[in-house]
Amino acid sequence: MRTGEHSQFLIRPDYGYGEAVYEGLRPKDVILFDVVLLGSGDRDLSEQGGVLIRELNESNTWLQPHKTDDVLISVEGFHARNGTRFTSSQGPVWVELLSGLLPRGLALALTDMHVGSTAEVFVSAPWAFSWKQYSTAREEQLDLAEELTESNPFYHPNLTLWQLTRSEKQMVFGLESVVSHGSYRYVVTLHNYHRLKMVAPDGSIIAKLTNDGDLDEYLSDIEDGDLVAAQVTGRIPKDGFRAESETFLQSQVLELRVGEELVPSGLDLALPHLRKNQKGFVRMEPKHAGGGCSVLTLPQGVPLEFEVLVKSHRRASSFPFREKLEAAEVRRVLGNQRFNSTDYYGAISKYQAAFRMFRGVPEEKASDPFLLNIQISLWNNLALCYLKTGRAEEAIEACNEVLKRIPSHEKALLRRGQAHNLLGNYDEAKQDLQQAASSSSSSLANSARQMLKRLEAQGLRRQREEQKLYSRMLRS
């Protein structure tokens, strides 16, 4: 059969039965099937017959969009039953796959295509609606049995609602006038796509990448600490209060080290998602539009969008030794700031970033006193953050790194003693605290003595409780 054909099949009794047994049929019944071929394809993307796709030409690229990307497509839509066209893009247009503006079956098919390919996509009724429309229609149908909803490709949402509420902003390339249920055929060409990356899991920082940059460079992605020169333009994007975007930063080249908070925190977090010669648009909510920015004057309390083109990129691992120390010290100070504001997890992240600055340090520099001082400070700070966040084992590991190098380091002994106490290792805790109590630093020694007193009091309480328990066991 051809798409759209309507046929009737008369089946003799000896061909009328397969493995299935149909209630009400007798062994000698002749069966009449009335069939309309609505569509066919090479693959069933929905696994329910709801979305069928057939490639009409092969692409010579491996580039394929994700479900969060923007796509540049040309598309025509036809009623599968009679072949009449109901929509056309009139040329290539950009559409966000997550916007809810596409039929969900067509959005699913586009993630299965490669740039440059054209495909024929057949979509059954429930897949001809956008995700937003479908979810709302399902809410209206909660009284239906479960097998009549998403598990059934022929489930029909409430079409009357969409006749009343559909607008250009709610859906494009959908059904312009819905008067009956049916299936639909789309012919779609994928010309290009822009990769969208959720820099922040809650979507408050989004990076849209408009080209691939230097793909042939090994490990070309930017990392924390790298030196980057980027051409940057800053805008306040148009929204419900602004008819047009407002430019607050004219295009200029900025040189900065990633992760040092010289630009808004949203941009700082997005830069590691880019690579050399890659252009992107980074949009952020107001909570990420500030931070410790020191090189730009920024509008306050509004979302921001930055257009960024990475011009050059130098890896932190290639820095001279003194530059590595400087970069590590900057991160240590930023970590201290977070600690002082009780953002212990943020402090841990910065201290760990400081350690990454030491990658590639020559072996002969390992005993450098400046390097050792920074490392000792970082391990001690990490140990304290781990104690604050209940990670006693990691606190012990950090203290051990210090004590390998300076066995009598009072602060490391004190914090390791605290960690052992949290884990119930009372003998080890007592040993570390006794050593710390003999410190030349009066404040450290006093802290250690106070902890020892508490430890001894805890020991006496445990001893009394054990004696009571032993006495009850003897009496019983």
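What you see is a predicted model; the values in this text were computed from it and never measured.

A. Layout of the pattern of salt bridges. Tallied over the full model, the rule gives 27 salt bridges. The salt bridge involving Asp 112 is made with Arg 43; its shortest N-O contact spans 2.4 Å. Here Asp 112, found in the loop between helix 1 (104-110) and strand 8 (118-123), pairs with Arg 43, found in strand 3 (residues 43-44); they are 69 residues apart in sequence, far enough to count as distant. The partly exposed category is assigned to Arg 43, whose relative accessible area is 31%. Of the charged contacts, one joins Asp 432 and Arg 416 as a salt bridge, the two residues approaching to 2.8 Å between their closest N and O atoms. Of this pair, Asp 432 sits in helix 10 (residues 426-437) while Arg 416 sits in helix 9 (residues 410-423), and the two are 16 residues apart along the sequence. Within the structure, one salt-bridge network assembled from shared partners comprises Asp 224, Arg 257, Glu 260, Arg 314, Glu 323 and Arg 331.

B. Structural context of the pairing of strand 8. Where burial is concerned, most of strand 8 is hidden: 6 out of the 6 residues are buried. Going residue by residue along strand 8, you find Thr 118, Glu 120 and Phe 122 tucked away on one face and Ala 119, Val 121 and Val 123 tucked away on the opposite face as well. For strand 4 (residues 51-57) and strand 8, the ladder comprises 6 bridges, and the chain directions are antiparallel. Residue pairing in the sheet places Asn 57 in a bridge with Thr 118 of strand 8. Pairing geometry for strand 8 and strand 9 (residues 184-198), over 6 bridges, is antiparallel. Opposite Thr 118, over in strand 9, you have Thr 189 as the bridge partner.

C. Summary view of the confidence of the model for the protein. Summarising the model, the protein shows a mean pLDDT of 79, and 77% of its residues fall at 70 or more. Helix 3 (residues 159-165) is the least confidently modelled element of the protein, averaging 38 in pLDDT, while helix 8 (residues 392-405) averages 95, the highest of any element. Contacts of residues 136-172 to residues separated by more than four positions or lying in other chains number 66 contacts, the stretch itself having pLDDT below 50. For the stretch residues 175-180, pLDDT sits under 50, and the model shows 10 contacts to residues farther than four places along the chain or on other chains.

D. Spatial organisation of the side chain of Asp 226. Within the secondary structure layout, Asp 226 lies in the loop between strand 10 (205-209) and strand 11 (227-236). Asp 226 gets classed as buried once you look at its relative accessible area, which sits at 1%. A polar side-chain atom of Asp 226 sits 3.4 Å from a polar atom in the side chain of Arg 315. The residues touching Asp 226, leaving out its near neighbours within four places in the chain, are Asp 221, Leu 256, Arg 257, Val 258, His 313, Arg 314, Arg 315, Ala 316 and Phe 319.

E. Looking closely at the packing of helix 6 (residues 344-356) against helix 7 (residues 369-388). Put simply, helix 6 and helix 7 touch, their axes get as near as 10 Å, and they point 155 degrees apart. Judged on the interaxial angle alone, helix 7 and helix 6 are roughly antiparallel. Here helix 6 runs over helix 7; the crossing is left-handed. Residues Tyr 344, Ala 347, Ile 348, Tyr 351, Gln 352, Ala 354 and Phe 355 of helix 6 form the contact with helix 7, whose own contacting residues are Gln 375, Leu 378, Trp 379, Asn 381, Leu 382, Cys 385, Tyr 386 and Lys 388. Classifying every residue of the contact of helix 6 with helix 7 gives 11 nonpolar, 3 polar and 1 charged.

F. Broad picture of the packing of aromatic side chains. Tallied over the full model, the rule gives 6 aromatic pairs. Here Phe 355 and Phe 358 contribute two aromatic rings whose centre-to-centre distance is 6.0 Å and whose plane-to-plane angle is 80 degrees, an arrangement assigned as edge-to-face. Take Phe 355 and Phe 358: they sit in the same class, and that class is buried. Seen from their ring centres, Phe 355 and Trp 379 are 5.1 Å apart, and the 40 degrees between their planes marks the pair as tilted. Here the residue Phe 355 occupies a position in helix 6, and Trp 379 occupies one in helix 7, the gap between them amounting to 24 residues. Among the aromatic residues, ring-to-ring pairing joins Phe 86, Tyr 184 and Tyr 186 into one connected group. The ring of Phe 78 has Arg 185 lying over it, and the distance from NZ or CZ to the ring centre is 4.5 Å.

Conventions adopted
- Residues numbered from 1 in each chain as written.
- Predicted model: local features only at pLDDT ≥ 70, side-chain atom pairs only at ≥ 80, totals over all residues.
- Heavy atoms only, no water.
- Salt bridge = Lys/Arg side-chain N within 4 Å of Asp/Glu carboxyl O.
- Helix = DSSP H or I, 4+ residues; strand = E, 2+ residues; numbered from the N terminus.
- Buried < 20%, exposed > 50% of the residue type's maximum accessible area, 1.4 Å probe, protein only.
- Pairing = 2+ DSSP bridges.
- pLDDT = per-residue confidence, 0-100.
- Contact = heavy atoms within 4.5 Å.
- Polar contact = N/O pair within 3.5 Å; in protein donor to acceptor, adjacent residues only side chain to side chain.
- Axes fitted to C-alpha atoms, helices over the stretch in contact; angles between N-to-C directions.
- Parallel < 35°, antiparallel > 145°, perpendicular 65-115°, else oblique.
- Left-handed = near helix turned anticlockwise from the far one by under 90°.
- Nonpolar A, V, L, I, M, F, W, Y, C, P; charged D, E, K, R; others polar.
- Phe/Tyr/Trp six-rings, centres within 6.5 Å; stacked < 30°, edge-to-face > 60°.
- Lys NZ or Arg CZ within 6 Å of the ring centre and 35° of its normal.

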